[in-house]
Amino acid sequence: MWSPTEEEKYGVVICSFRGAVPQGLVLELGETVQILEKCEGWYRGVSIKKPNVKGIFPANYIHLKKAIVSNRGQYETVVPLEDSVVTEVTATLQEWAVLWKQLYVKHKVDLFYKLRHVMNELIDLRRQLLSGHLTQDQVREVKRHLTVRLDWGNEHLGLDLVPRKDFEVVDSDQISVSDLYKMHLSSRHSVQQSTSQVDTIRQRHGEACRMPVPHHFFLSLKSFTYNTIGEDTDVFFSLYDVREGKQISERFMVRLNKNGGPRNPEKIDRMCALFTDLSSKDMKRDLYIVAHVIRIGRMLLNDSKKGPPHLHYRRPYGCAVLSIMDVLQSISEIKEEKDFVLKVYTCNNENEWCQIHENIIRKSSTKYTAPSSNYGLIISLQLLRGDMEQVRRENPMIFNRGVSVTRKLGFPDVIMPEMKIVGCDIRNDLYLTLEKGDFERGGKSVQKNIEVTMYVLYADGEILKDCISLGSGEPSRSAYHSFVLYHNNSPRWGEIIKLPIPIDRFRGSHLRFEFRHCSTKDKGEKKLFGFAFTPLMRDDGTTLSDDIHELYVYKCDENSTFNNHALYLGLPCCKEDYNGCPNIPSSLIFQRSTKETFSVSTQLSSTKLTQNVDLLALLKWKAYPDRVMDILGRLRHVSGEEIVKFLQDILDTLFVVLDDNTEKYGLLVFQSLVFIINLLRDSKYFHFRPVMDTYIQKHFAGALAYKELIRCLKWYMDRSAELVRQDHIQEAMRALEYLFKFIVQSRILYSRATCGMEEEQFRTSIQELFQSIRFVLSLDSRSSETLIFTQAALLNSFPAIFDELLQMFTVQEVAEFVRGTLGSMPSTVHIGQSMDVVKLQSIARTVDSRLFSFSESRRILLPVVLHHIHLHLRQQKELLICSGILSSIFSIIKTSSLEGDVVEEVEMMVESLLDVLLQTLLTIMSKSQSQEAVRGQRCPQCTAEITGEYVSCLLSLLRQMSDTHFQHLLDNFQSKDELKEFLLKIFCVFRNLMKMSVFPRDWMVMRLLTSNIIVTTVQYLSSALHKNFTETDFDFKVWNSYFSLAVLFINQPSLQLENATPAKRKKILDKYGDMRVMMAYELFSMWQNLGEHKIHFIPGMIGPFLGVTLVPQPEVRNIMIPIFHDMMDWEQRKNGNFKQVEAELIDKLDSLVSEGKGDENYRELFSLLTQLFGPYPSLLEKIEQETWRETGISFVTSVTRLMERLLDYRDCMKGDETENKKIGCTVNLMNFYKSEINKEEMYIRYIHKLCDMHLQAENYTEAAFTLLLYCELLQWEDRPLREFLHYPSQSEWQRKEGLCRKIIHYFNKGKSWEFGIPLCRELAIQYESLYDYQSLSWIRKMEATYYDNIMEQQRLEPEFFRVGFYGRKFPFFLRNKEYVCRGHDYERLEAFQQRMLSEFPQAIAMQHPNHPDDSILQCDAQYLQIYAVTPIPDNIDVLQMDRVPDRIKSFYRVNNIRKFRYDRPFHKGPKDKENEFKSLWIERTTLTLTHSLPGISRWFEVERRELVEVSPLENAIQVVENKNQELRTLISQYQHKQMHGNINLLSMCLNGVIDAAVNGGIARYQEAFFDKDYITKHPADAEKITQLKELMQEQVHVLGVGLAVHEKFVHPEMRPLHKKLIDQFQMMRSSLYHELPGLDKLSPACSGTSTPRGNVLVSHGPMSPESIKLLHRHSPLNMLGSVRHSSSSLSSHTSSETGNLVILTDSSVGETAEDMYHMQLVYPNSRYQGSVTNVSVLSSSQASPSTSSLSSTHSAPSQMINSAPSSARVLMKGAGLTPLEAEALYLSTEQIQHGRQPCKLPHAAPTNVPHLCPGGTTSRGSPSLPDKYRHSRELMMLLPTHRDRPSSAMYPTAIMENGQPPNFQRALIQQMIGPCKPCSDPNLSLAEKASLYTTA
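All figures in this text were calculated on a predicted structure; none of them were measured in a lab.

Participant: Help me out: how do you make sense of the overall build of the chain in this one?
Facilitator: Regarding its fold elements, the chain presents 64 helices and 46 strands. The buried share of the chain, taken over its 1896 residues, is 56%. Long-range contacts, defined here as pairs at least 24 residues apart, represent 73% of the contacts in the chain between residues at least 6 apart. As displayed, the chain has an accessible area near 81800 Å², and 50% of this comes from carbon and sulfur atoms.

Structure follows, in structure tokens:
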């Protein structure tokens, strides 16, 4: 039985559940579920991800969590009872998980790994937070790290910024908009500064914390790895400032044994120190860590004789340094220790030991010795920040290791009260530095080894215990022994010793220094020879000054006794002391050594002792009654450190002096007090302010002081108008806060002591004092700069006294004081700008004060505050400060509104601020826009900040306004003009808010709140608009502004919930609802209220309203449908049609869709419009009910068709599509505008868009044709034309002229000069008619240049490809259509196929050439069918004209082409196995295009297909005829000497024809068609058979002439070849003799006799070009004599329309040897005679029918190796040439054809390896196949066929030598295609395969 759960409400899935039970709910690991019911181990509930799907799941799969349940029952909501930060982390990680995977898919690898790292960190930190074992400080730190990482990830993933307060997400309902804005700013800053903690909201006007953050270095000595000393050592670490040349810290001492470990075993892993209190200034100094190593042992390390072994001396050994500047960055970036190795250098000369660290730093390498290895002191460093308490809290492990706190010498930059540092309440340290000594030799031959011993002795002669510290880390000792410098009478030690002497023992104590010579003899005695001393405190009570003290040295010996210290204390210790003791008896026991001196320096760091005489005199003022005034005056000269050390004593003394004689000392005490108060304003002593506060509250006892303080303060203020110098007055003003604290506390003490006596007098004196304050502020300071500073000081200090006054007066009384004071300030008109700032800062601090938080005082203060702000805003002054004040006010009012009523205060703000806020915002926004237009403005960020501040202020005010406030506001307008102005302002501001994007895209919380406030405000204002501006008072401007605002509002990107995640969408809808629907209803309601005024908004609002319909929200669209119907209806009523609506709708549709405005998901637009114009409730149904339904339905149809094209255009323009698709879409849309809806302007716009696309793709010819469309719309007239697109205002003639020139230029760049020449002529006619001879000359020269270019420049002929697009997935303009495309330069079929497949990656290549059936046409897929086609020129005349150069004819063969042809061979009837040519027919398909190529596009649609069949006989006739034509052309060129010098091309051509005939070429035609059986069965073909015979006879005649010409020009070296040709010609003639008896009448030249060459010419006459059809593009090897150059060749001279020579293995295609022999005989295409482009070696699998290969007629597949030169050699070898002859022939041909040096090919090069020439091509001139085109996709692509005529199957390449195969394996010359192509079909015969290539 299922029962509702009571406690089990929320849980997390701990094991995935697949839901394999009835009603099972599929759950993934980590999902959260809401549980509704339970039953026997099962739960029923919903996943939080999918709250609408209920199901059941096992209870043991769920980990339950505590939760808060509200609204129990069907609609209950459950919130987990856990830390909000944990909840946020959980939800965020779930959201990131999806996006993280997408990063990998999108190849954003860097962000992918970064995000993974951050997610792991979040999981770990979340685990720590959930553990419950953290302290409060640790929890806070973990939360800080969590939020920083959350914000970082959200920013990088493009998610919303989360505003936080104290690390928790804020509720926007609980704070003001201004505070929310600040939180967004702070959160954004925290993302940018993720390494530092940033407070969520900062106090803008409070006293800034000026305490600099202290830095600390944690140093740990890991080991001393270079310790080869063999003795104990002391290592001293300190911080050293190179620039100042002094040590700035105490020393840290480590005692090591001879093995390098700590001498004290307890110190293992605990040899660490913390160098404290380094300021930011210190961190910028050139600091070094210096380590001095002192050994403890023998005098000389390596000399055991020097001294006895039991005596140990402290001896210098070495030094190491480390630059902090070098390592600071590395240790700042990590929060852990980092290791460093310090090399220990030894000193070369002990005399310079005190400078060794400086020498090492300066790299004075001659003065020290480097170690032999890189080992030394291994230390670790870590940089810590914050005060010591914070450091202790954050790094407890460091202090648990027994860290030695090593202080800075002297006090830190920030002196803490009571110097509570490291647990010590009082600091009293004297740092003594042993500087140097100068001693006599004493009659010795060598210098002494001097050791200094120091003791601290008390007045009674007792040696003080543990008062000497060599360094932190080791306990203090009673005696100090210096290190010994060997044989040095003038030692320089430079060793610092700390003397931590107790305060009570300091007075009377002295230091005694004993000097001993350390003998190195056997006894090793230490002989005392002198001493020095110095007291620590002078007779006047001051301590030893911080200076160098040169002490007297007194002689003594070991027998001298120091038991009676009075014996030497009476002696002078130094020169100063001597001057004070002039009469010293000479009979004393100790005599001074005048030639010996000893110097020490001292530095005192004490909180209780002073070295200042003036301070001591003040504290003991009663001892000097006559000097009191002088002592008080000299207090200013005492240093601040001394004053704060004795602060309480000084204050007590001052007030005692004041009580002693008020009249005499009153003013001086006041001045002293002011001086001390201002001293505490210094950042160094700022933290002594709490000490002052504590003193006032607990220790201050001056009950009468308030009277004198008030009197002095008033006296200062009253004199401010008289004095020129007002420094002392300004100081008093700055001290106002603490003066009032003393005054108030003094009054409290007095009142407490006297039970409230003199209360009235006190109140009166305070009121008089405030009168003086108001007097000072009211003075005109424009003429007195000093007075300005006085007023500024007063205003700065004034807000600080409010809290003190509240102790003595009521809130209202204090508020009245303040209001009077603020009101006394002159207005902004009468004071300078500097005072403006000070005045506003004072007001700001007033607003931030506690006084302003009381509602009673706010009602008093608010009017005067708002008055000043209003004045500043009116004059646009100090806007940033004003915005800060307003933000504070709104924050306070928002907080107060949650607790009480703030209606009156909001009313005051509305009256004073609303209008001026709107005006200010309009001004700021206009400036911001102008700054965006003009680059280089001073501070755009400031403008953005100000805009955001004021927008948040305006929104805060509007949000606080209730119905009553809006009603009062609207009722208070005096006239409709005022109301109109207000409405226009606020609508304009709202529009700018949405247009300018004041808030960044990721500030979603801020944007949604803004939208909510706007829609709420608009709802209030719309009623006023309807009420006041509808009927007779209709105002178009206001209404238009309203509608524009509504449209912008609905189209806001932040409101498009469809783009949000489901969780985010639900959250927004729950909080605000769909605000687009709210605004749409408001818009519709207002539209309905317009009545007959609707006509004013037609057609202006059509576009904006259409934009609203494109919002993918069904309810919004349904709301807008009646508005469109209304527009059509009203225009129909007015004009009898709705042309305006139609035209505007089409224009706006175009701009919205094509320019990317509106909704981003444009693929849905068509369905949206279908709903708009389609299903009920639809516009179409409404139209059908109208009388004008026919035109309405036609209109809807046009718009729907336009949408289809616009959608395709938009999809293509997104940027991911290829140029072809973009161009195709544009052409389609352009034609639609021209032909179907006749929108000329839109048509012209798209002409230029299309032109730009062509230019970008470098399709210059197409760009010219495109621009020609616009040119043809213009006439040669002077009609003025308006400015349009990029054209200026000009006459029609000028525009057409400019267009013509541009078109001519594009034709020139596209090398289509023939198209440009007519335009040149047209321009010439115009220039001639205008007598513009200069332009005429220019255009004629241009035309002449084009003629030259035609004759001289090489041009590539493109290939043409037929493409079929089948299936419904193609764009509308391509769907189920076929096109012919003009290929790019150098593009052959394979490259084109690959390009098409890359453009349509989802397409499937069709495997057959047949037309597809309906199943393919209607399927939801994409099918591509591609094959090459041959152009059929329209201009046949020029091609047949004699003497027209081939360069000219070449153009007309491939331009202005509208018809294309494709041939397919097939068998009709039974197949003759002996000769398959008898039944081989050709199926010829002719395609007719809509437009000729080239044109405005590279491809056009096929409009008509024609299919014809060509009989075998007709095909044979065409083959032979074309070959004859080719021969005549070539021979004619040599006769007319168009071919200069080289006969190789003619040699190869003749060889190809004659050798083929000899080996059986045309004999196959004889067998097939001259047979009697054939003639009998086909009587109708008699005429054609005769024609074929005549052509064969003609061919023999032509060959005879060719041989004659060949003999004339042949090179002597090539004579053997010529003889061979003559012999083979005889064989050919003989084979044809019986069928063609006329052949025996050939010229003797042909029979090898010595008939002169002229006889041949006499017999046949010169070959006249008049009878020749020039088609030499198919000449042998396609290298010479041809000016039709293939676009697929990298050579500009060489056509590579050649075949592929494929060398098959033994199991090639399953043909018999006989078949192979026939295949060798029959060459498939006459244009390949004598030429083979590609040579490949294929295995049986590669050549089998199952293999799919994507290739073209002109390009080999990826398995092939291009090797044109090799193939040429193969050809020539087959022709009987020797390798040397073949090589020479080939190279000379290449050289002549290319006009360059031939590639040097080694004769031994293998025939299947290509040789590369310069430029990356093969030596044949064809590019190697790029890797990107090598693929193995199975598809069927049909081969391109012969372009101009049927190719010959009867003229094979002569690859046979003496009837036998050559040395390489059997060769099959065929066009390489995939096995799916017809030629690969195993069912096809050899002849069919050959005919596939021959037919054309």
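There is more to say, and it comes next.
Participant: Looking at this model, I keep getting lost on a nonpolar patch on the surface. Mind explaining?
Facilitator: The grouping of I68, V79 and L81 at the surface amounts to a nonpolar patch, some 280 Å² of accessible area in total. Mapped onto the elements of the fold, V79 is located in strand 8 (residues 77-80).

Participant: What is the right way to read the packing of helix 17 (residues 662-679) against helix 20 (residues 727-734) from this model?
Facilitator: The relative placement of two packed helices comes down to the angle between their axes together with the axis-to-axis distance. The N-to-C vectors of helix 17 and helix 20 enclose an angle of 60 degrees; their axes lie 9 Å apart at closest approach. When the interaxial angle is binned, helix 17 and helix 20 end up oblique. The interaxial crossing formed by helix 17 with helix 20 has left-handed handedness. Across from F670, V674 and N678 in helix 17, the residues of helix 20 making contact are E731, A732 and R734.

Participant: Teacher, can you tell me more about the packing of aromatic side chains here?
Facilitator: By convention here, two paired aromatic rings are described through the distance between centres and the angle between planes. One pass over the structure, following the stated rule, counts 70 aromatic pairs. Taking the centre distance of 5.6 Å and the plane angle of 85 degrees together, the rings of F439 and F529 count as edge-to-face. Within this pair, whereas F439 is found in the loop between strand 23 (428-438) and strand 24 (450-457), its partner F529 is found in strand 28 (residues 526-535), the two being separated by 90 residues in sequence. Exposure class is identical for F439 and F529. Each is buried. Look at F531 and Y568: their rings are 5.3 Å apart centre to centre, the planes differ by 65 degrees, and that puts the pair in the edge-to-face class. With a gap of 37 residues between them, F531 in strand 28 and Y568 in helix 11 (residues 566-569) connect regions that are remote in the sequence. For F531, a relative accessible area of 0% translates into the label buried. Accessibility expressed as a relative area gives 0% for Y568, which makes it buried. Taken together, F987, F1034, F1036, W1039, Y1042, F1043, W1087, F1097 and F1105 form an aromatic cluster joined through their ring pairs. The ring of F236 carries the charged tip of R251 above its face, separated from the ring centre by 4.0 Å.

Participant: Just to check I follow, could you spell out the environment of S720 for this structure?
Facilitator: Here S720 lies in the loop between helix 19 (705-718) and helix 20. S720 sits in the buried class, given a relative accessible area of 2%. When the C-alpha positions of S720 and S772 are compared, they lie 9.8 Å apart, and in sequence the two are 52 residues distant. Here S720 is in contact with Q726, I729, V776, L779, L787 and T790, once residues within four sequence places are set aside.

Participant: What is the right way to look at the pattern of salt bridges in this model?
Facilitator: Opposite charge on two side chains lets them pair, provided their charged atoms get close. Enumeration over the complete set of coordinates arrives at 80 salt bridges. For R747, the salt bridge identified is with E759, shortest N-O distance 2.9 Å. With R747 in helix 21 (residues 736-754) and E759 in helix 22 (residues 759-778), this pair connects stretches of sequence that are 12 residues apart. Owing to a relative accessible area of 0%, R747 belongs among the buried residues under this scheme. One continuous salt-bridge network, built from bridges that share partners, spans D241, E244, K246, D282, R285 and K408.

Participant: Just checking my understanding: could you explain the sheet that holds strand 27 (residues 510-518) for this structure?
Facilitator: With antiparallel pairing, 8 strands are arranged side by side in an open sheet as 25-24-27-28-29-30-23-26. Here the strands that pair on one side only, and so sit at the sheet edges, are strand 25 (479-481) and strand 26 (492-499). The mean angle between the axes of side-by-side strands here comes to 25 degrees, regardless of whether they run parallel or antiparallel. Here strand 24 runs beside strand 25; their pairing, made up of 3 bridges, is antiparallel. When the sheet's bridge partners are listed, T453 is paired in strand 25 with H481.

Participant: Got a minute to help me understand the sheet that holds strand 11 (residues 215-224) in this structure?
Facilitator: Backbone hydrogen bonds are what pair the strands of a sheet, in a parallel or an antiparallel way. Spatial strand order, 18-21-11-15-22: 5 strands in an open sheet with mixed pairing. Edge strands, defined here as strands with exactly one partner in the open sheet, are strand 18 (338-343) and strand 22 (404-406). With strand direction ignored, the average angle separating the axes of adjacent strands in the sheet is 30 degrees. Across 3 bridges, the pairing between strand 15 (residues 272-278) and strand 22 is parallel. By the bridge assignment for strand 22, A273 is matched with S404.

Participant: Teacher, can you tell me more about helix 31 (residues 963-971) here?
Facilitator: Within the sequence span of helix 31, burial applies to H965, F966, L969 and L970. The buried residues of helix 31 all sit within an arc of 125 degrees when viewed along its axis, so they share a single face.

Participant: Just to check I follow, could you spell out the pairing of strand 29 (residues 548-555) for this structure?
Facilitator: Consecutive side chains of a regular strand alternate in pointing toward one face of the sheet and then the other. Pairing of strand 28 with strand 29 involves 2 bridges; the strand directions are antiparallel. Within strand 29, the position partnered with G530 by the bridge is K555. Across 6 bridges, strand 29 lies against strand 30 (residues 592-606) in antiparallel orientation. Across the sheet, residue I548 finds its bridge partner in strand 30, namely S601.

Participant: Explanation requested: the confidence of the model for the chain in the structure shown.
Facilitator: In regions of low pLDDT, the predicted coordinates are not meant to be interpreted in detail. Chain-level statistics for the chain give a pLDDT mean of 76 and a share of 76% at 70 or above. In this model, residues 195-210 is a region of pLDDT below 50 whose contacts with residues beyond four sequence positions or in other chains number 36 contacts. In the predicted structure, residues 933-940 sits below a pLDDT of 50 and forms 2 contacts with residues beyond four places in sequence or in another chain.

Participant: I would appreciate a short explanation of the side chain of H510 in the present structure.
Facilitator: Mapped onto the secondary structure, H510 falls in strand 27. Of note is the side chain of H510, whose polar atom sits 2.9 Å from the side chain of Y568. For H510, the contacting residues outside a window of four places in its chain are Y455, V456, L457, Y458, F533, T534, P535, L536, Y568 and L569.

Participant: Explain the nonpolar core here, please?
Facilitator: For soluble globular proteins, the rule of thumb is that nonpolar side chains tend to be buried together. Counting residues in each nonpolar core, the largest one holds 205 residues, and the members touching the most others are F1043 and F1105. The element contributing the most residues to this core is helix 29 (residues 903-933), with 13 residues. Setting aside residues up to four positions removed in sequence, F1105 forms contacts with F1043, V1047, L1083, W1087, M1120, I1123, F1124 and M1127. Counting 65 residues, the second largest nonpolar core, distinct from the first, contains C319, L432, I468 and L536.

Participant: Explain the packing of helix 17 against helix 21 here, please?
Facilitator: Put simply, helix 17 and helix 21 touch, their axes get as near as 9 Å, and they point 125 degrees apart. Accordingly, the angle class assigned to the pair helix 17 and helix 21 is oblique. Both helix 17 and helix 21 take part in a crossing whose hand is right-handed. Across the interface between the two elements, F670, L673, V674 and I677 of helix 17 pack against Y738, L739 and F742 of helix 21. Class assignment for the residues of the contact of helix 17 with helix 21 results in 7 nonpolar, no polar and no charged.

Participant: Explanation requested: helix 38 (residues 1114-1135) in the structure shown.
Facilitator: Along an α-helix, residues three or four apart share an orientation, since each turn contains 3.6 residues. The end-to-end C-alpha distance of helix 38 is 32 Å, a good match for the 32 Å that 22 residues give at a rise of 1.5 Å each. The sharpest bend along helix 38 measures roughly 25 degrees and falls at M1120, with the proline P1122 sitting one to four residues further on.

Participant: Explain unusual backbone geometry to me, please; I cannot follow it from the model alone.
Facilitator: Working note: non-glycine residues mostly have negative phi, and peptide bonds are mostly trans. Here the bond from L1493 into P1494 is cis, since omega is 0 degrees, no more than 30 degrees from zero. Position of P1494 relative to the elements: it lies in the loop between strand 39 (1480-1493) and strand 40 (1499-1510). The backbone of Y1331 sits at a positive phi, close to 55 degrees, despite the residue not being glycine. Here Y1331 shows up in the loop between helix 47 (1313-1329) and helix 48 (1333-1352). A positive phi is found at N1376, a non-glycine position, where the angle reads about 55 degrees. Mapped onto the secondary structure, N1376 falls in the loop between strand 34 (1360-1366) and strand 35 (1377-1382).

Parameters at a glance
- Residues numbered from 1 in each chain as written.
- Predicted model: local features only at pLDDT ≥ 70, side-chain atom pairs only at ≥ 80, totals over all residues.
- Heavy atoms only, no water.
- Helix = DSSP H or I, 4+ residues; strand = E, 2+ residues; numbered from the N terminus.
- Buried < 20%, exposed > 50% of the residue type's maximum accessible area, 1.4 Å probe, protein only.
- Contact = heavy atoms within 4.5 Å.
- Areas by Shrake-Rupley, 256 points an atom, 1.4 Å probe, with all protein chains shown as cover.
- Patch = residues over 30% accessible without salt bridge, like charges linked within 9 Å, V, L, I, M, F, W, Y side chains within 5 Å.
- Salt bridge = Lys/Arg side-chain N within 4 Å of Asp/Glu carboxyl O.
- Axes fitted to C-alpha atoms, helices over the stretch in contact; angles between N-to-C directions.
- Parallel < 35°, antiparallel > 145°, perpendicular 65-115°, else oblique.
- Left-handed = near helix turned anticlockwise from the far one by under 90°.
- Phe/Tyr/Trp six-rings, centres within 6.5 Å; stacked < 30°, edge-to-face > 60°.
- Lys NZ or Arg CZ within 6 Å of the ring centre and 35° of its normal.
- Pairing = 2+ DSSP bridges.
- Arc of directions from axis to C-beta.
- pLDDT = per-residue confidence, 0-100.
- Polar contact = N/O pair within 3.5 Å; in protein donor to acceptor, adjacent residues only side chain to side chain.
- Core = buried A, V, L, I, M, F, W, Y, C linked by side-chain atoms within 4.5 Å.
- Nonpolar A, V, L, I, M, F, W, Y, C, P; charged D, E, K, R; others polar.
- Expected span 1.5 Å × (residues − 1).
- Bend = angle between axes of the 7 residues up to and from the residue.

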